[in-house]
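In case you want the letters, here they are:
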Amino acid sequence: MSARSTAHPSASAPTAGSGPLRIVVVGAGAAGSLVVFHIARLVAAGSAGNSSTAGSAGNSNTAGSAGNSSTAGSAGNSNTAGSGGDRPSVDVTVVDPLDPVSGPAFGTADAAHLLNVPASGMSVVPGERFDFVTWCVDEGLTSPDDATYFFAPRNRWARYLRTRLDEARAAADDRLRVTHVRSTATGKSVDASGGRVTTADGSAVVGDRLVLATGLPGVGDGWSPCDLSDQPRYVGDPWRPGALDEVLADDGDVLVIGTGLTMVDVAISLLRSGADRRLEAISRNGRLPRRHADRYLGEVVPDIATWGESLDEIRAAVATHVARLERLLGNWRPGVDGVRYRVAELWGRLGHDDRALFVRELAGRWGIHRHRMPPSSGVLVDEARAAGRLVIRAGRITGVEPGPDGITIRTADDARTHSWVVNCTGPQSDLRRLGNPVLDSLFANGLARTDALGLGLLTDGGQVLDADGRPGPIWALGSLRRGELWEDHRGPGDPGAGARRGGVPPRRRASLRHSATTR
């Protein structure tokens, strides 16, 4: 039976008494762990085990941007959850070779790599905004007075998520079974038995629902005019386990490609490895992420009813909103932070040409204001720049010449040889060009398609649409929905994050028609 002619979820859902609802989650990062966490909560509450469970939990957002990583299981082991009952109501299989929360965003062992969202925005428990804040205080990471505007180490948030996941699984008891298949997913298909995920070891996992929770796409290297993957002094992905070990052990100078948040983390790690260490970072515009304020300033969410539907209109309205708040409050950040709650709606108003123009010319500028450095990270960067140990450059790379002792990078201005080159350019934006075997199999089998720019999968509220525009038994979340939402502001504790948007939560609303207010 071909993928396109296969029955869709309403027809393939298990009937009462036929067995547990089988859900396969591809990805053991924060996204995948949050899916399992919310499923466990639904099971414990007695509202799971039906055909809507994957849709409810599969729309869970990943943590902040970051857009982050864990798996279903107390320690990612392969045993099942609960007291060993024979008839769970939901049977979840997580497919990923990695341990829980050990992916790029949260797998870092460096405690200096901080969340770029305050602790008050990182609770995973619905309705309990300060759950992570309380956890940080209980763990001795910060004082009660400083906790709400505390930027925690990312690996501590990973431990927090694992803790809450363990608790949720325990509460679900033997009504939920979770199995961790430690292999790489290599393909997906749909047949009469449901969705099928094939793995690198040749096995297959079958489920009634499939959830794509793969996190951010792989690092892009389109900046280089030649392939550097086999060069020993080139680090193509700094988040790969052990990728920076040799660089940290050496005292040679380093060129970082990219000047975003990944560069900030890499620079902080490398600069601590030796007092004489020198780094240079280059990007087309040489722009650094802005810093968070030293204290919480609130957010002002605008009324966007009159903001128009073209990029020019929306851009002008955003500028007016932010400038007004800067005049009233003395800072632009509350204005920008308020706009983020409207981003998905504004993005939805834009046509293809305007979206392409935004991606090409404005996304970078928006990103440096939207995704900011924690205050303490900003201090370290400023100190390194003042001491001449970190140099930020703007330029376009025109040539690359690998050598035995380093790599020569040519720009329009000069040529410089560096002992090491580290790629921090961020993820490849076009899903069709990633070379991801799972996504490629979905495209080849007609089970998914992207928006015109390739930014994300087309979905109906998170349920992936096939090549004919029909919803199937596959759900996507987080960065895989970038083409539809651009970004989703709701935090990891919102089980509906990533679903259809009907405006911001009431507690987030503020009107600028008559006056500006801060929260």
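Residues numbered from 1 in each chain as written. Predicted model: local features only at pLDDT ≥ 70, side-chain atom pairs only at ≥ 80, totals over all residues. Heavy atoms only, no water.

Let's shift gears to the overall build of the protein chain. Within the protein chain one finds 14 helices and 18 strands. Relative to its full complement of 519 residues, the protein chain shows a buried share of 53%. For the protein chain, the exposed surface amounts to about 21600 Å²; the carbon and sulfur share of it is 48%. (Helix = DSSP H or I, 4+ residues; strand = E, 2+ residues; numbered from the N terminus. Buried < 20%, exposed > 50% of the residue type's maximum accessible area, 1.4 Å probe, protein only. Areas by Shrake-Rupley, 256 points an atom, 1.4 Å probe, with all protein chains shown as cover.)

Here we come to unusual backbone geometry. Across residues other than glycine, the phi torsion is negative in most instances, and most of the peptide bonds are trans. Notably, aspartate 173 is not glycine yet its phi reads approximately 55°, a positive angle. With respect to the element layout, aspartate 173 can be found in the loop between helix H5 (154–172) and strand E3 (176–181). Given a relative accessible area of 31%, aspartate 173 falls into the partly exposed group. If you check the backbone angles, tryptophan 486 has positive phi at about 65° while not being a glycine.

It is worth spelling out the sheet that holds strand E15 (residues 420–423) at this point. The sheet built from five strands is open, its strands ordered E8-E15-E9-E10-E11 with parallel pairing. Two strands lie at the open edges of the sheet, namely strand E8 (234–235) and strand E11 (390–394), each paired on one side alone. For strand E9 (residues 254–257) and strand E10 (residues 279–283), the ladder comprises four bridges, and the chain directions are parallel. Each residue of the ladder has a partner; that of isoleucine 257, found in E10, is isoleucine 282. With respect to the sheet, helix H7 (residues 261–271) is in contact with E9, E10, E11 and E15, its orientation differing from that of E10 by roughly 170°. (Pairing = 2+ DSSP bridges. Contact = heavy atoms within 4.5 Å. Axes fitted to C-alpha atoms, helices over the stretch in contact; angles between N-to-C directions.)

On to the confidence of the model for the protein chain, then. Per-residue pLDDT for the protein chain has a mean of 84; in total, 82% of the residues score no lower than 70. Segment residues 1–17: pLDDT under 50, and 33 contacts once partners within four positions in sequence are set aside and those in other chains are kept. (pLDDT = per-residue confidence, 0-100.)

Turning our eyes to something else, we now look at the packing of aromatic side chains. Applying the stated criterion to the full structure yields eleven aromatic pairs. With 5.2 Å between their ring centres and 80° between their planes, tyrosine 149 and phenylalanine 151 make a pair best called edge-to-face. Tyrosine 149 gets classed as buried once you look at its relative accessible area, which sits at 18%. Given a relative accessible area of 9%, phenylalanine 151 falls into the buried group. Ring centres of tryptophan 157 and tyrosine 160 lie 6.5 Å apart, and the angle between their planes is 55°; this geometry places the pair in the tilted category. Of this pair, tryptophan 157 and tyrosine 160 both sit in helix H5, three residues apart, which is roughly one turn of that helix. A residue is classified by how much of its surface remains accessible, and tryptophan 157, at 0% relative accessible area, is buried. Clustering of aromatic rings is evident, with ring pairs tying together Phe106, Phe132, Trp135, Trp157 and Tyr160. Against the face of tryptophan 420 rests arginine 233, its NZ or CZ located 4.7 Å from the ring centre. Here the basic side chain of arginine 482 rests over the ring of tryptophan 486, its NZ or CZ set 4.0 Å away from the ring centre. (Phe/Tyr/Trp six-rings, centres within 6.5 Å; stacked < 30°, edge-to-face > 60°. Lys NZ or Arg CZ within 6 Å of the ring centre and 35° of its normal.)

Okay, the pattern of salt bridges next. Using the criterion set out here, one finds 25 salt bridges in the structure. For arginine 182, the salt bridge goes to aspartate 99, with nearest N and O atoms at 2.9 Å. Of this pair, arginine 182 sits in the loop between E3 and strand E4 (185–191) while aspartate 99 is found in the loop between strand E2 (90–95) and helix H4 (131–138), placing the two residues 83 residues apart along the sequence. Where aspartate 131 meets arginine 164, a salt bridge forms, and the shortest distance between an N and an O atom there is 2.9 Å. Highlighted residues: aspartate 131 in helix H4 and arginine 164 in helix H5, separated in sequence by 33 residues. Since its relative accessible area comes to 11%, aspartate 131 is described here as buried. Within this structure, Arg278, Glu280, Arg393, Asp414 and Arg416 form a network of salt bridges that share partners. (Salt bridge = Lys/Arg side-chain N within 4 Å of Asp/Glu carboxyl O.)

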